[in-house]
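The primary structure of each chain is shown beneath.
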Amino acid sequence: MAKATNKTKTTSLDQLLNRQVANFNVLYVKLHNYHWYVKGEQFFTLHVKFEELYDDVTLKMDEIAERLLTIKGAPAATMKEYLELATIQEASGTEDPRQMVQTLIEDIATLSEELTEGIEMAEEGSDQPTADLLIKIRGDMEKHQWMLRSFLG
């Protein structure tokens with residue numbers, strides 16, 4: 001299934017970084033939703049994991065926004081902008097614990113794909129600091145994805 005063209009066609013590194021600021025902010029809110037509303041046998045495990053993830057996502061979002069400012073960009077800073085720019089979706093509020101974890105795995109796959117695009121754009125533009133930042137973030141997110149996949153068995 002193809003994604004909407006207006007959200008996937010990136011013409012500049014600034015746009016790609018801004019989309020990631022939006023994605024990480026939407027993910028932050030989604031993780032809080034999951035943290036607050038997870039129920040069932042896995043409550044204690046997932047409640048703690050979701051908090052760990054939203055703390056990590058907060059740091060990554062801030063690093064991307066500050067990098068964008070460093071290269072003279074302007075990061076999105078409102079919920080309206082985040083929802084317009086993001087390629088991941090908000091929580092529906094109806095997910096069971098397994099769906100929460102599966103959705104996060106899919107969201108991280110989307111982020112990783114887009115971070116790879118950003119790494120390539122940064123390298124093409126000889127912007128090693130941005131490429132390094134995105135490489136580190138992608139590696140961290142892929143580790144989270146592996147752990148979440150392992151949780152589902």
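Before reading further, recall that the structure is shown in the block above.
Bear in mind the structure is a predicted one, so any value in this text is a computation, not a measurement.

Turning next to the nonpolar core. One finds Phe24, Leu27, Leu31, Phe50 and Leu104 to be the most contacted residues of the largest nonpolar core, which totals 39 residues. Mapped by element, the contributors of at least two residues to this core are α2 (13–37), α3 (43–70), α5 (97–124) and α6 (128–152). Setting aside its immediate chain neighbours within four residues, leucine 104 contacts Leu27, Lys30, Leu31, Tyr34, Phe50, Leu53 and Leu148.

Before going further, it helps to spend a moment on the environment of valine 101. Secondary-structure assignment places valine 101 in helix α5. According to the relative accessible area criterion, valine 101 is buried, its value standing at 0%. Sequence spacing of valine 101 and lysine 60 is 41 residues, and the spatial spacing of their C-alpha atoms is 20 Å. Beyond its immediate stretch of four places on either side in the chain, valine 101 contacts Leu46, Phe50, Leu148, Phe151 and Leu152.

The next thing to look at is the packing of aromatic side chains. According to the stated counting rule, one finds three aromatic pairs in the structure shown. Between tyrosine 28 and tyrosine 54, the aromatic rings sit 6.0 Å apart at their centres with planes inclined by 80 degrees, giving edge-to-face as the arrangement. Here tyrosine 54 lies in helix α3 and tyrosine 28 lies in helix α2, a separation of 26 residues in the sequence. Take tyrosine 54: its relative accessible area is 10%, and that puts it in the buried class. With 5.2 Å between their ring centres and 80 degrees between their planes, phenylalanine 43 and phenylalanine 44 make a pair best called edge-to-face.

Definitions and limits used
Residues numbered from 1 in each chain as written. Predicted model: local features only at pLDDT ≥ 70, side-chain atom pairs only at ≥ 80, totals over all residues. Heavy atoms only, no water. Core = buried A, V, L, I, M, F, W, Y, C linked by side-chain atoms within 4.5 Å. Buried < 20%, exposed > 50% of the residue type's maximum accessible area, 1.4 Å probe, protein only. Helix = DSSP H or I, 4+ residues; strand = E, 2+ residues; numbered from the N terminus. Contact = heavy atoms within 4.5 Å. Phe/Tyr/Trp six-rings, centres within 6.5 Å; stacked < 30°, edge-to-face > 60°.

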